[in-house]
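Structural features, examined
For reference, the chains in residue letters:
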Amino acid sequence: QVQLVESGGGLVQAGGSLRLSCAASGRTFSNYRMGWFRQAPGKEREFVAAISRSGGNFYYANSVKGRFTISRDNANNAVYLQMNSLKPEDTALYYCAADLSSSDSPLRVPSGYGYWGQGTQVTVSS
């Protein structure tokens, strides 16, 4: 079992930046593929970015490609989401997720993740 705690959300103006962090505790962090998802009010949860166990492979949603960067620090049991050039449509509750897997391919499908954090709110004003 792994526990996930997100932080770093807040209120920012359009064009600004935020860095989200997800701290993991529990079993060996490097055994988990990690992902970031978001959910806006009245909308379904959507994929944002995912990173492989080793940190060498990643996927991004088209809507954030070129603006967001996912990274991980296996020594410190953490995954990050650097968000630049934020837009009002990025406003959502952002979740960190973990999947225990032997695969080193990133995972984009939310149903594949067995562990979720509570989320951190990101609000982008226009």
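Here goes a summary of the coordinates provided. (Residues numbered from 1 in each chain as written. Predicted model: local features only at pLDDT ≥ 70, side-chain atom pairs only at ≥ 80, totals over all residues. Heavy atoms only, no water.)

Taken together, the four strands give an open sheet; going across it, the order is β1-β3-β8-β7, and neighbouring strands pair in antiparallel fashion. In this open sheet, the two edge strands, each paired with only one partner strand, are β1 (2-7) and β7 (68-73). Strand-to-strand twist across the sheet, computed as the mean angle between neighbouring axes with direction ignored, equals 15°. Sheet topology places β1 next to strand β3 (residues 18-26); six bridges connect them, and they run antiparallel. Its bridge partner being in β3, V2 is matched across the sheet by G26. (Pairing = 2+ DSSP bridges. Helix = DSSP H or I, 4+ residues; strand = E, 2+ residues; numbered from the N terminus. Axes fitted to C-alpha atoms, helices over the stretch in contact; angles between N-to-C directions.)

Of all six residues in strand β5 (residues 46-51), five are buried, a share of seventy percent or more. The sheet contact formed by strand β4 (residues 32-39) and β5 spans five bridges and is antiparallel. Note on β5: the bridge partner recorded for F37 is F47. Where β4 folds back on β5, the antiparallel hairpin that results is connected by six residues, among which G42 adopts a positive phi of roughly 80°. In terms of strand pairing, β5 meets strand β6 (residues 58-60) through three bridges, oriented antiparallel. Looking at the pairing, A49 lines up with Y60 of β6. Between β5 and β6, which pair antiparallel and follow one another directly, the connecting turn spans six residues, one of which, G55, has a positive phi of 90°. (Buried < 20%, exposed > 50% of the residue type's maximum accessible area, 1.4 Å probe, protein only.)

Without other data, these values stay purely geometric and don't point to any function.
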